[in-house]
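# Examining the three-dimensional arrangement
One-letter residues, chain by chain:
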Amino acid sequence: MARKTPVAWLQLMKEKTRLLVAIAGIGFADMLMFVQLGFQDSLYDSATVPHRLLQADLVITNPQFKSLTSIQSFNRERLYQTLSDDAVQSVSSIYIGMGDWKNPDTRLVRSILVWGVEPGAPSFRLPELSQNADSLKLLNQVWFDQAGRPEYGAIPALVQQQGSFEAELNRQTVRAVGLFTMGSSFVADGNVLTSDSTFLKLYPDRKPEQPDVGLIQLKPNADRQQVQTRLKALLPPDVTVLTVEEFAAVEKHYWESQGTIGFIFGMGVFVGFVVGTVIVYQILYTDVANHLPEYATLKAMGYDNRYLIGVLLQEALLLAVLGYIPGFAVAIGLYHLTHAATLLPIGMTMNRAIIVFLLTILMCGASGAIATRKLRSADPADIF
Amino acid sequence: MFMQTLSSPQVNPTAQRQPVIVANHLNHYFGQGSLRKQVLFEINLEIQTGEIVIMTGPSGSGKTTLLTLMGGLRSAQEGSLKILGQEICGATQRQLTQLRQQIGYIFQAHNLMSFLTARQNVRMALELHDGGSAQAMDAKALAMLEAVGLGHRADYYPENLSGGQKQRVAIARALISHPKIVLADEPTAALDKKSGRDVVELMQKLAKEQGCTILLVTHDNRILDIADRIIYMEDGRLK
Ligand SMILES: Nc1ncnc2c1ncn2[C@@H]1O[C@H](COP(=O)(O)OP(=O)(O)OP(=O)(O)O)[C@@H](O)[C@H]1O
Ligand SMILES: [Mg+2]
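Along each chain, the written sequence defines residue order, and numbers are assigned to residues from 1. Following the order in which they are written, the chains are lettered starting with A and the ligands numbered starting with 1. Only residues with pLDDT of at least 70 are given local features in this predicted model, and only at 80 or more are side-chain atom pairs given and counted; all residues enter the totals for whole chains, interfaces and linings. Only hydrogens and water are set aside; all other atoms, that is, all heavy atoms of the structure, feed into the side-chain values.

### Overview of the nonpolar core
Our working rule: For this analysis, a nonpolar core means a set of buried residues of the types Ala, Val, Leu, Ile, Met, Phe, Trp, Tyr and Cys, connected via side-chain atoms within 4.5 Å. Under the scheme applied here, a residue whose accessible area is under 20% of the maximum for its type counts as buried, over 50% as exposed, and between as partly exposed, the area being computed with a 1.4 Å probe on protein chains only. Note on conventions: DSSP H or I runs of at least 4 residues are helices, E runs of at least 2 residues are strands, and numbering of each starts at the N terminus. Throughout, a residue-residue contact means that at least one pair of heavy atoms, one from each residue, lies within 4.5 Å.
Among the nonpolar cores identified, the biggest contains 85 residues, and A:Tyr295, A:Leu319, B:Leu145 and B:Leu216 are the most heavily contacted of them. Among the elements that line this core, the one with the most residues is helix α13 (residues 305–342) of chain A, at nine residues. Each residue touching A:Tyr295, except ones within four places of it in the same chain, is listed here: A:Gln11, A:Asp287, A:Val288, A:Leu308, A:Val311, A:Leu312, A:Glu315, A:Leu375 and A:Ala378. Within the second largest apolar cluster, 36 residues are counted, among which are A:Leu53, A:Val59, A:Trp115 and A:Leu126.

### Comments concerning the domain arrangement of chain A
Residues and elements named next belong to chain A. Selection criterion: These domain boundaries are the output of an automatic or database domain assignment. Each of two parts loses accessible area, computed with a 1.4 Å probe, when they are put together; buried area is these two losses added. Take a side-chain nitrogen of Lys or Arg and a carboxyl oxygen of Asp or Glu: if they are within 4 Å of each other, that pair is a salt bridge. For this analysis, a polar contact is any N or O atom pair within 3.5 Å, provided that within protein one partner can donate a hydrogen and the other can accept it, and provided that sequence-adjacent residues contribute only side-chain to side-chain pairs. Throughout this entry, Asp, Glu, Lys and Arg are counted as charged residues, while Ala, Val, Leu, Ile, Met, Phe, Trp, Tyr, Cys and Pro are counted as nonpolar. The remaining residues, Gly among them, count as polar.
Along its sequence, chain A is carved into domain 1 (7–46 + 259–382) and domain 2 (58–242). One C-alpha centre belongs to domain 1, the other to domain 2, and the line joining them spans 47 Å. Each side of the interface is counted separately: domain 1 has seven residues, and domain 2 has six residues. Carbon and sulfur atoms make up 58% of the surface buried where domain 1 meets domain 2, a total of about 530 Å² over both sides. Interface area lost by domain 1 to domain 2 is led by Leu43, Ser46 and Leu343, which between them contribute 63%. Connecting domain 1 to domain 2 are zero salt bridges. Linking domain 1 with domain 2 are one residue pair in polar contact (both at pLDDT 80 or more), by the criterion used here. Class assignment for the residues of the side of domain 1 that touches domain 2 results in five nonpolar, two polar and no charged.

### Description of the site of ligand 1
All names here are of chain B. This is how the line gets drawn: Residue proximity to a molecule or strand is established when one non-hydrogen atom of the residue lies within 4 Å of it. Only the protein chains shown count as covering a residue, and every accessible area follows the Shrake-Rupley method with a 1.4 Å probe.
Ligand 1 sits among 13 residues. The nearest are Ser59, Gly60, Lys63, Thr64 and Thr65. Measuring from an oxygen atom of ligand 1, one finds a backbone N or O atom of Gly60 at 2.8 Å. Here an oxygen atom of ligand 1 sits 3.2 Å away from a polar atom, N or O, in the main chain of Ser61. For ligand 1, whose free accessible area comes to 630 Å², the fraction covered by protein is 62%.

### Topic: helix α9 (residues 224–234) of chain A
Along an α-helix, residues three or four positions apart point the same way, because every turn accommodates 3.6 residues. All names here are of chain A. Put simply, the rule reads: In this description, the arc belongs to the directions extending from the helix axis to the C-beta atoms.
Every buried residue belonging to α9 is among Val227, Gln228 and Leu231, and all of these are buried. Down the axis of α9, the buried side of the element spans an arc of 100°, and every buried residue falls inside it. In α9, the exposed positions angled more than 90 degrees off the buried face are occupied by Gln225, Thr229 and Ala233. Those residues of α9 that are buried lie in contact with β1 (58–61), β2 (88–102), β8 (213–218), β9 (240–242) and α10 (244–258).

### A word on the layout of surface pockets
The condition is simple: A pocket here means an open set of points on a 1 Å grid, computed over the protein atoms alone, that has protein on both sides within 12 Å along at least five of seven lines. A cavity is instead a set of points where a 1.4 Å probe fits but cannot get out; residues with an atom within 4 Å of a point line either one. Grid points are joined across faces, edges and corners, and a volume is the space filled by probe spheres set on the points.
By volume, the largest pocket is sized at about 460 Å³. If you trace the largest pocket, you find 21 residues lining it, with A:Asp304, A:Asn305, B:Gln93, B:Thr97 and B:Arg100 closest to the centre. Counting only elements with at least two residues in the lining of the largest pocket, the list comes to α13 of chain A together with α3 (93–100) of chain B. Top element by residues in the lining of the largest pocket is α3(B). It accounts for six residues. Grouping the amino acids of the lining of the largest pocket by side-chain chemistry returns six nonpolar, seven polar and eight charged.

### Overview of the sheet that holds strand β10 (residues 237–238) of chain B
Adjacent strands of a sheet pair through backbone hydrogen bonds, lying either parallel or antiparallel. Residues and elements named next belong to chain B. Heads up, the condition is: Here a strand pair is declared whenever DSSP counts at least two bridges between the two strands.
One open sheet holds the six strands; their spatial order is β6-β7-β8-β3-β9-β10, and the pairing between them is mixed. Of all strands in the sheet, those bounded by a partner on one side alone are β6 (103–106) and β10. Pairing of strand β3 (residues 52–56) with strand β8 (residues 213–217) involves four bridges; the strand directions are parallel. Paired with Met55 across the bridge in β8 is Val217.

### Details of the sheet that holds strand β2 (residues 37–48) of chain B
Residue and element names in this part refer to chain B. Strand order in the open sheet made by the four strands is β2-β1-β4-β5, with antiparallel pairing throughout. Unpaired on one side and paired on the other, β2 and β5 (86–87) mark the two borders of the sheet. The pairing of strand β1 (residues 19–30) with strand β4 (residues 78–83) spans five bridges and is classified as antiparallel. Paired with Asn27 across the bridge in β4 is Glu78.

Okay, here's the thing in structure tokens:
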């Protein structure tokens, strides 16, 4: 048993209804912050899923390439130039385009991201590709992303049942003959994988010698960083040489620098923070106001201001912890629901758990600190 | 008296006769500037160890003001006021806080913490001093509640106690750490005649056992007989 009476704890526990209201309020604020931050992270993450799936040691792109929403191609000649470096094993390229996919049931057209890869050469680190890329080689045969939105039609189920399925892409008939998993993002709700020849047929305006992403495979034991430096020096400034992570970072930076996403979600976090602060302040303030004579009595008995401030801050921290737990639990539930509904890559991360916890502490600590000002009006001279 | 304390500072045959409260030419004012109003005038008072003193007087005469000054609850302004040897005039907040730990207060309102049981309320006073282990403090608090006849209510919250019972818990809280001085301001005002009488008799009994000094403000003529001495305040002056 504690040596000192746990005043803060006992005070919180005495009024269960008020405690529940406080916990619900803080939990709600935490949940709001979790959801906002979770969505923000997942949007950034989803936008870079394809980048991070690229099977390459180094990537070549047009320096203007900022995002999948504004694709910029480069001269394939640059890719061949890199072969002059001893450390480069092989190169391959990918075409990217926005396509119009017609839902076979509703006949509605919806944008989809189309990737033209060289079958047989490295492109994406997808198990389906390493097992059997042959079906892509035939003209007009495509693979469909089973992690895409269902609005494109029940393509994955149809392909699984019938082995292949005829659909319309860019007003041309294609045959979906395989499935792969990439995922939707806010660039596109789904993905289609084709061979380079099929891609060029689907996009007659695109020039074969102008791909969008060049993939470089290095020889074993090659020092990636050194090769990158050498290639940068070798190639003219109309292309850049990036690692896969850097390439993903470019995309992420694009969305971050757009500002809108950060602003919208930052706003949500801020609102959650304010709601929480107001609730905790309200609770602690009425606590002090309702117990002024008692607090003054404690002062009269010889407890100093520091002790009373301590009690109040302890209450604030206890509320923070007690409110965080349900907030955390509900957030995990919402992440699952969101993932199930949107297929966005959303989940709890250690980082976010810590950030929201610190925000909760800050929120409760701040309101506790403001509420301590009311303690000054607990004047022991007034209690007689 | 002055001569006496001077001549025998070490040997203490007069331990019972040592002043614990000494006021000299104490003045007190409320308000600022033109609103400044004097409420205490030239208070001279000496209260000895173990004395039970009752202060009476009309409403607004300054009794509570004097009591709060003596308890270190308000800063003294003019003159001299020594409590347990500590000068209150010009004392720091820290010194006042320390002084308060030596004094037991009993108020008209019981001022118990509503979220603490009777026993926990009493324990709070003990924790300011070295009350020993948690078990020892609990045992002491229980013993004290038994002394005020509330052993069977130790785990009750104030809301479930009667007015007299609450006041008795407040007395247990004020007396548990054996303060040298107990200051009480109309402790019976909120109680009926019978429990008011019980409460002051209890205070008297415990104080006599512990040898502490009591200064009690009251309008209640029926309890004047417990006092060793009665002082009368009128218009800020002791008569
Ligand atoms: N905080 C204060 N500010 C200004 N004036 C005050 C304050 N407290 C008391 N007074 C005034 O000081 C005078 C003495 O008040 P005090 O409370 O000491 O009287 P009292 O003898 O205790 O009266 P009662 O018997 O009604 O309790 C009164 O005129 C009162 O109006
Ligand atoms: Mg009074």
